[in-house]
Amino acid sequence: MSARVLVVDDALFMRAMIREALANSGFQVVAEASNGEEAVTRYEETKPDVVTMDITMPQMDGVQAVREILKRDPSARIVMVSAMGQQALVVEAIQAGARDFVVKPFDQTRLVEAIRRALR
Amino acid sequence: MKAAPLHRLLPVFLAEADEHLQALEEGVLQLERRGPNPELVAGLFRSAHTLKGSAGALGFVRISELTHAVEEVLEALREGHAADGLADLLLECVDALRALRQEVADGSERTEVADLVRRLRAWKEGSGGDGLLPADVWVRLREDCPMRAARALALLRLLRGHTQVEQVAPPEDAIAQGQLGLEFTARVRAREPEALQELLSGPDVESVRVMPASEARDERWLDLGPQARGKLPDDPVLTRRASLRTVRVDVERLDRLMNLVGELVVDRIRFQQIAERLRGMGQANGIAQELHEAATHLGRVASDLQAQVLKARMLPIEHLFTRFPRYVRDLARRAGKQVEVVLEGQDTELDRSVIEQIGGPLMHLVRNAVDHGIEPPEERARLGKPPAGLLRLAASQEEEGIVVVVEDDGRGIDTGRVRQKAVALGLVSADAAARMSEEEAVELIFHPGLSTAAQVTDVSGRGVGMDAVRAGVQALGGSVEVETQRGRGTRFVLRLPLTLAIVRALLVSCGGERYVVPLAAVQEIVEVPADRVHRVGSYRTTVLRGAVLPVVSVHEAVGLPVPESADRLLCVVTGGRRRVGLWVDRVLGEGEVVVKPLASYLGQVEGISGATILGDGRVALILEPQALVRLAVREEELAHVG
C-alpha cells in the first residue's frame, strides 16, 4: 500500500508542487494544511504515515507544529521543508523529533528520498 | 614417573596440533556458512581445549593463551551469543595458531597473540547477550551539502532509529551550534553494522565507513584500497580511544612530506658539490671547510629525516598477508584441494605504496599455486606426499630491499610442455626451444604470448597472467625469479624495493646528456673494445666471459647519433633473468636520487621511468632497465627473422 502523506505549506504553489512530486512517485496525499494549527488538526484526523512540514507559516510555525504533533503521536514521521538560511530552525525541528529535511528549491527526487528515509 | 623429554613429545604434539587446527578451521567455515549449532560449537571447543592442554604442558605460552581466549569465546557462543563477525576473527586465530605451530617446530613461538586475544575479548564483551556489535561509523558530508549541522543531526536521528548510539564526535550539542566540519563519527551498537553503510548513504553524503569496533584500533580499516587513499578521517572518537601516542596522518600529507624531504636531499647533494668545488679552487679554504662541515651535518640531518619519513610510511606486510589464508582456503575448496598456508615474516615492513601494488601480483602467484601447482589430495597420496599441499608466503628484509617468497610443494613446472606450447603458439622456433636451457624454458612462462593464452591454463605448472606479475613487480623496481623442480614444487622469489620514492642510482652520460640507471639493476660495468661488439641490423651483441650479451645503445634508444670509434663502456643490467649491456659514454658516479614522475603531457616514454633533479639543478632522465631489455629482445627477434 502506498504511504499516506500530509502536506503542510502556506503557499498553494508549494503544496501543488509537492503533491505532484509525491503522486509521480506513488505516494498518496491524504490531506493538506496551510498553517501549523491546521496541520495538527489534519494529522489527528488522517493519521498519515509521513508529513512534509514547511517552517515559516502563520498562526503556528512548522517547528512548533512538529512539537505539537509529536506530543500527540511520538512515532510521527515528519520531513521539514525549509528555505535556505533557516538552519537554526531545522536543527531545532530535528532536535524536537523531525526525521529529515529538504532545502528549497529542491528537485523532486530529493524530497522523495527524504520521505523514503523517514519511512524506514 | 619421569616426564618424557620434550623432543620426543614434540612430533606427537605437532601432528595433533595439525589435526585440531584443521578441525577448527573446517568448523569455523561451517559456523560461517550455517551459523552455530551445539554440536559444532562443542567440537570447536574440544579442539581448542585439547590444543590448549598439550601446549600448556609443553610450555608453549602463546598457543595456550590464544586457545584459551578462543575457548572463552566459544563458551559465550555455546551460551547462545550471536556469532556475527566471529568467523573471520576465529580464522585469524587459526592462522596465528598455525604460524605458532610451525614456529615451535622450528624453535620458538614468535607470532604475537596479544592483539588477537584482545579482539576475542572485545568480541565477547561487545556481542554481549543482545547480539549487538559495537562499531564505529564515520560519515563525511559532501562539500555542497546545505545545512550541514541539520544534515548531521538528521543522520544521527536515523542512526538512532536503527542502532544504539553511544558516543558522537563532535558532540551533538556542538553540532547543533554549527561546530562541524564535513565529518562526524559515532560509536554505535548495531545488530548489523554492515547495513549502516547503505542506511546513511544519500545525496548529501560523500562517504560512510563502518568499522567493527574491535578492529578499529588496529588500523585495519586504513585498508589498502584506492578509496582509502587520501581520505583518512580526522576521527576524534578513535583518536581518543587509541593510545594517546599515535595520530592518524593523511597519506597524501606523508607523500608531500616525502617529496619535500626529497628536495632537501637534492639540496644537500648540491651543497656538498659546491663545497667540493670551492675546495678544488684552492682559495678561501677555511670557508670551504666550514661549508663542507655544514653540508655534511645537513646531510646527516636530511638522511635521518628521510629515514624517519620513510619509516612513517611503512606498514607490516601482515596487512597483505592476512588476506591469503582465507583466499587460499576458498580457492582450494573450489578446486577440491587441500592447502596449508604458512606465513612467515609478517612483521616485515615496507612502504605502503609497495604494499598496495604488490597485492595483485601476489594474488596471481598464490592462485596459480593452488590451481596449477598443488595436486589434488588423491594424486598427492599416490606420490607419497601429505594430502595437504603446502603454500608458503614468506617475507624478509635483505640488504636494501624486501624479499617475498611464494612457494608450493606441488608438481612443479613441466618445462617440456611449456616448450611445446611456446612452439605451438609460434613464440619460439622448435629449434630455439630445443636449444634452451631448463632455466630459459621456465622463463617462457613470463612470455606475454604464452601466459595470456587462455588455452594454456592446463599446462601443468603455471597459467594465466605471469607476464602481468612480472610487469607489476618490475614496475615497482623489483624482480621476480622462479625456481622449479618437477614433482617437488615451485618457488617464486620477489625482490622489492623498500620504497619507491628514493632510489640508489648510477649516474652516466651519453652524448652530453646525463642519465640515471637504478643501481639495483646494475650488475657490473665493463669496457669492451669496439671490434668485439657484433652487429646484425640494429641488434648488437658481445661476448662476456663466454656468454652472449645483447648490447643496447643508450644513444640509439633516446635518438642520439651513435659514436662508432670509441671502446664500448657497458653497464650490465638485468631485467628479469635477461641481461643486457647498456652502452654509455661515461659513468659519472653513484648516489641517491629522488624519483619524480614525468609530466603527464609527455605520456609514457618507453625506456624512461621518470626524471630526477641532480645536485647541480640539472634534470636527468631515469632509464628503465626492464624496458631496455625488452627492446633488446625485440631486436634480437627481428635480427633472427631477418
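Above this text is the structure in question.
Conventions adopted
- Residues numbered from 1 in each chain as written.
- Chains lettered and ligands numbered in written order.
- Predicted model: local features only at pLDDT ≥ 70, side-chain atom pairs only at ≥ 80, totals over all residues.
- Heavy atoms only, no water.
- Helix = DSSP H or I, 4+ residues; strand = E, 2+ residues; numbered from the N terminus.
- Buried < 20%, exposed > 50% of the residue type's maximum accessible area, 1.4 Å probe, protein only.
- Contact = heavy atoms within 4.5 Å.
- Phe/Tyr/Trp six-rings, centres within 6.5 Å; stacked < 30°, edge-to-face > 60°.
- Lys NZ or Arg CZ within 6 Å of the ring centre and 35° of its normal.
- Salt bridge = Lys/Arg side-chain N within 4 Å of Asp/Glu carboxyl O.
- Buried area = accessible area lost by both parts, 1.4 Å probe.
- Pairing = 2+ DSSP bridges.
- Axes fitted to C-alpha atoms, helices over the stretch in contact; angles between N-to-C directions.
- Core = buried A, V, L, I, M, F, W, Y, C linked by side-chain atoms within 4.5 Å.
- Expected span 1.5 Å × (residues − 1).
- Polar contact = N/O pair within 3.5 Å; in protein donor to acceptor, adjacent residues only side chain to side chain.

### Examining the overall build of chain A
Scanning chain A from N- to C-terminus turns up 5 helices and 5 strands. Mapped from its N terminus to its C terminus, chain A presents α and β elements in the order β-α-β-α-β-α-β-α-β-α. Considering chain A as a whole, with its 120 residues, one finds that 53% of them fall into the buried category. Across chain A, the fraction of contacts at a sequence separation of at least 24, relative to all contacts at a separation of at least 6, is 62%.

### Focus: unusual backbone geometry
For the bond running from Lys104(A) to Pro105(A), omega is -5°, close enough to zero to count as cis. The residue Pro105(A) is located in the loop between β5 (100-103) and α5 (108-119) in this model. Residue Pro170(B) is reached from Ala169(B) by a cis peptide bond, and omega for that bond is -5°. Here Pro170(B) is to be found in the loop between β2 (164-169) and α7 (172-176). Even without being a glycine, Gln59(A) presents a positive backbone phi close to 60°. Along the chain, the position of Gln59(A) falls in the loop between β3 (50-54) and α3 (62-72). One non-glycine residue, Met147(B), lies in positive phi territory at about 50°. Along the chain, Met147(B) falls in the loop between β1 (133-141) and α6 (148-162).

### What about the packing of aromatic side chains?
Taken as a whole and assessed by the stated rule, the structure comprises 3 aromatic pairs over all chains. For the pair Phe324(B) and Tyr327(B), a centre-to-centre distance of 6.2 Å together with 75° between the ring planes defines the contact as edge-to-face. Taken together, the residues span about one helical turn, with Phe324(B) and Tyr327(B) both in helix α14 (residues 323-335) at a distance of 3 residues. Here Phe324(B) and Tyr327(B) have matching classes, each one buried. The positively charged end of Arg78(B) is found above the aromatic ring belonging to Phe45(B), 4.4 Å away from the centroid. The residue whose ring lies beneath Arg151(B) is Phe101(A), and the NZ or CZ to ring-centre distance is 4.1 Å.

### Digging into the pattern of salt bridges
In the structure shown here, the tally under the stated rule is 43 salt bridges over all chains. Measuring nitrogen to oxygen at the nearest pair gives 3.6 Å for the salt bridge that ties Arg491(B) to Glu407(B). Here Arg491(B), found in strand β11 (residues 489-497), pairs with Glu407(B), found in strand β9 (residues 401-408); they are 84 residues apart in sequence, far enough to count as distant. With a closest N to O distance of 2.5 Å, Arg545(B) and Glu524(B) form a salt bridge. With Arg545(B) in the loop between β16 (539-544) and β17 (547-553) and Glu524(B) in strand β14 (residues 522-528), the pair connects residues that are 21 residues apart, well separated along the chain. Within the structure, one salt-bridge network assembled from shared partners comprises Asp100(A), Arg110(A), Arg117(A), Arg151(B) and Asp204(B).

### Overview of the interface of chain A and chain B
Across the contact, 20 residues belong to chain A and 18 residues belong to chain B. With both sides pooled, the region where chain A packs onto chain B buries about 1600 Å², and carbon together with sulfur makes up 58% of that total. Among the residues chain A hides against chain B, the three largest losses belong to Phe101(A), Arg117(A) and Arg120(A). Together they make up 35% of the total. Here chain A and chain B share 2 salt bridges between them. Between Asp100(A) and Arg151(B) there is a salt bridge whose closest N-O contact spans 2.7 Å. Going through the elements one at a time, α4 (87-96), β5 and α5 of chain A are the ones with two or more residues in the side of chain A that touches chain B.

### What to know about the sheet that holds β9(B)
Residue and element names in this part refer to chain B. With mixed pairing, the 5 strands of this open sheet are ordered in space as β6-β8-β9-β11-β10. The strands lining the two open edges of the sheet, one partner per strand, are β6 (339-344) and β10 (479-485). On average, each strand axis in the sheet is tilted by 15° relative to the strand beside it, whichever way the strands run. Inspection of the sheet shows strand β8 (residues 389-398) paired to β9 by 8 bridges, in the antiparallel sense.

### Remarks on the nonpolar core
What tends to happen in soluble globular proteins is that the nonpolar side chains get buried as a cluster. Within the largest apolar cluster, 57 residues are counted, with the highest numbers of intra-cluster contacts made by Met53(A), Ile78(A), Met80(A), Phe101(A), Val139(B) and Val188(B). With 9 residues, α6(B) is the largest single contributor of residues to this core. Not counting the four nearest positions on each side in its chain, Met80(A) is found in contact with Met53(A), Asp54(A), Ile55(A), Gly62(A), Val63(A), Val66(A), Ala93(A), Ala98(A), Asp100(A), Phe101(A) and Val102(A). Membership of the second largest hydrophobic core comes to 47 residues, among which are Val328(B), Leu365(B), Val428(B) and Phe492(B).

### Digging into helix α12 (residues 285-312) of chain B
Under the 1.5 Å per step criterion, the end-to-end length of α12(B) is 40 Å for 28 residues, consistent within 8% with the ideal 40 Å. Regarding α12(B), the residues found buried are Ala288(B), His292(B), Ala295(B), Gly299(B), Ala302(B), Gln306(B), Val309(B) and Leu310(B).

### So, the sheet that holds strand β12 (residues 502-510) of chain B
By way of backbone hydrogen bonds, the strands of a sheet pair with one another, either parallel or antiparallel. Residue and element names in this part refer to chain B. In space, the 5 strands of this open sheet follow the order β20-β12-β13-β22-β21, with mixed pairing throughout. Edge positions in the sheet fall to β20 (586-594) and β21 (608-613), since each has one partner strand and no second. Averaged over all neighbouring strand pairs, the angle between strand axes comes to 35°, with direction disregarded. As paired strands, β12 and strand β13 (residues 513-518) are joined by 6 bridges and run antiparallel to one another. When the sheet's bridge partners are listed, Leu 506 is paired in β13 with Val 517.

### Focus: the side chain of Arg151(B)
Tracing the backbone shows Arg151(B) in helix α6. When its relative accessible area of 4% is taken as the criterion, Arg151(B) is described as buried. Looking at Arg151(B), its side chain comes within polar contact range of the side chain of Asp204(B), at 2.9 Å. The contact partners of Arg151(B), leaving out residues within four places of it in the chain, are Asp100(A), Phe101(A), Arg117(A), Leu141(B), Cys145(B), Pro146(B) and Asp204(B).

Keep in mind these numbers describe shape, not what the thing actually does.
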